[in-house]
Amino acid sequence: MTAALDVPGAAPRTRDLLALQALAVPMPAVARMLFVVDFRPSMLCGRTRAFRSVAAAEAVVLLGAAACAAGAEVGLLTLGCGTAVTLSARPRPIREIVAGLVRAHEAASAHALAGRLDDPPLARALSGLGRLAAPGSAVIIVSGFETPGAGLGACLARLAEEHRLQLFQIADGAAAGEARSDIAGLPAEVLNASHPPEAIAARLAALVQRAH
């Protein structure tokens, strides 16, 4: 955790996130998707290129821009110490998702600088997620999955029963090579925050192609 969050790579910038539309990953036809992005204190750190929270925001744009352009219903839920940013799933431009990401990250940074550095348990943060996503929706969780809390496995299992659940674990440095390929028994894909957006986009495209 850096003492100041005004260093390069410590916060997502609107113009940088919007520029990622050029690298957007083509997604299979999906009517409705909800992105859940983790901005808890453990995500506000990074070893080289960017904070893990920034890489998480980049991944959301890379995966969501094409869906937004195709007219899919896209929503957003952010996790952190403060009030969550919630955007219901509906047809919307990626610019609205980006605005929500930037706003939520600013709030998360403010809480961290005020000394709130303990992660709320992830299981508790996800407890109401089922009410936000209609059955059958694609639910994409982008997180470091630290401080899971009691009952995370059961929470994710319920989500997987009702939704098309995808888990992306953000790691960096040596931790990226040691990250688990599953979270609470469910498959997870690891994204390395140390890699540039072009490399992350290429990995996401390969994962989507392999899955479909």
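In the block above lies the structure referred to throughout.
Residues numbered from 1 in each chain as written. Predicted model: local features only at pLDDT ≥ 70, side-chain atom pairs only at ≥ 80, totals over all residues. Heavy atoms only, no water.

**Regarding helix α3 (residues 94-113)**
Logical step 1: Taking 1.5 Å of rise per residue, the 20 residues of α3 would be expected to cover 28 Å, and the 29 Å separating its terminal C-alpha atoms lies within 8% of that figure.
Logical step 2: Looking at α3, one finds that the buried residues are I94, I97, V98, G100, L101, V102, A104, H105, A108, S109 and A112.
Logical step 3: Of the surrounding secondary structure, the elements contacted by the buried residues of α3 are α1 (14-19), β1 (32-38), α2 (52-69), β2 (73-79) and β3 (86-91).
Logical step 4: Directly after α3, the chain includes G115, whose backbone phi takes a positive value near 100°. (Helix = DSSP H or I, 4+ residues; strand = E, 2+ residues; numbered from the N terminus. Expected span 1.5 Å × (residues − 1). Buried < 20%, exposed > 50% of the residue type's maximum accessible area, 1.4 Å probe, protein only. Contact = heavy atoms within 4.5 Å.)

**Structural notes on the sheet that holds strand β4 (residues 138-143)**
Logical step 1: Read from one edge to the other, the open sheet built from six strands follows the order β3-β2-β1-β4-β5-β8, with strand pairing classed as mixed. With partners counted over all chains shown, the strands left at the sheet margins are β3 and β8 (189-192), one partner each. On average, adjacent strands in this sheet sit at an angle of 20° to one another, irrespective of strand direction.
Logical step 2: Contacting β1, β2, β4, β5 (164-171) and β8, α2 runs over the sheet at an angle of about 170° to β1.
Logical step 3: Sitting on the sheet, helix α5 (residues 152-162) touches β4 and β5, and the angle it makes with β5 is about 135°. (Pairing = 2+ DSSP bridges. Axes fitted to C-alpha atoms, helices over the stretch in contact; angles between N-to-C directions.)

**A closer look at the side chain of R92**
Logical step 1: Following the sequence through the fold, R92 ends up in the loop between β3 and α3.
Logical step 2: With a relative accessible area of 7%, R92 lands in the buried category.
Logical step 3: Engagement of the side chain of R92 in a polar contact is seen with the backbone oxygen of V74, the distance being 3.0 Å.
Logical step 4: In contact with R92, other than residues within four places in its own chain, are C68, A72, V74, L87 and I97. (Polar contact = N/O pair within 3.5 Å; in protein donor to acceptor, adjacent residues only side chain to side chain.)

**What about the pattern of salt bridges?**
Logical step 1: This structure, assessed with the given rule, holds 11 salt bridges.
Logical step 2: The residue D119 makes a salt bridge to R40 at a minimum N-O spacing of 3.8 Å. A residue pair is termed long-range when its members are at least 10 positions apart, and D119 in the loop between α3 and α4 (122-125) and R40 in the loop between β1 and α2 qualify at 79 residues.
Logical step 3: In this structure, the salt-bridge partner of R90 is E96, at a minimum N-O distance of 3.3 Å.
Logical step 4: Ionic contacts of the salt-bridge type, sharing partners, join the residues D38, R40 and D119 into one network. (Salt bridge = Lys/Arg side-chain N within 4 Å of Asp/Glu carboxyl O.)

**Topic: the nonpolar core**
Logical step 1: In terms of nonpolar packing, the biggest core is built from 51 residues, with I97, L101 and L204 touching the most fellow members.
Logical step 2: Breaking this core down by element, the ones donating at least two residues are α1, β1, α2, β2, α3, β4, β5 and α7 (197-211).
Logical step 3: Ranked by residues supplied to this core, first place goes to α2 with 12 residues.
Logical step 4: Look past the residues within four positions of L204 in its chain and what remains in contact with it is V25, A59, L62, L63, F168 and L191.
Logical step 5: Within the second largest apolar cluster, 20 residues are counted, among which are L156, L159, I183 and A188. (Core = buried A, V, L, I, M, F, W, Y, C linked by side-chain atoms within 4.5 Å.)

Geometry only, nothing functional implied.
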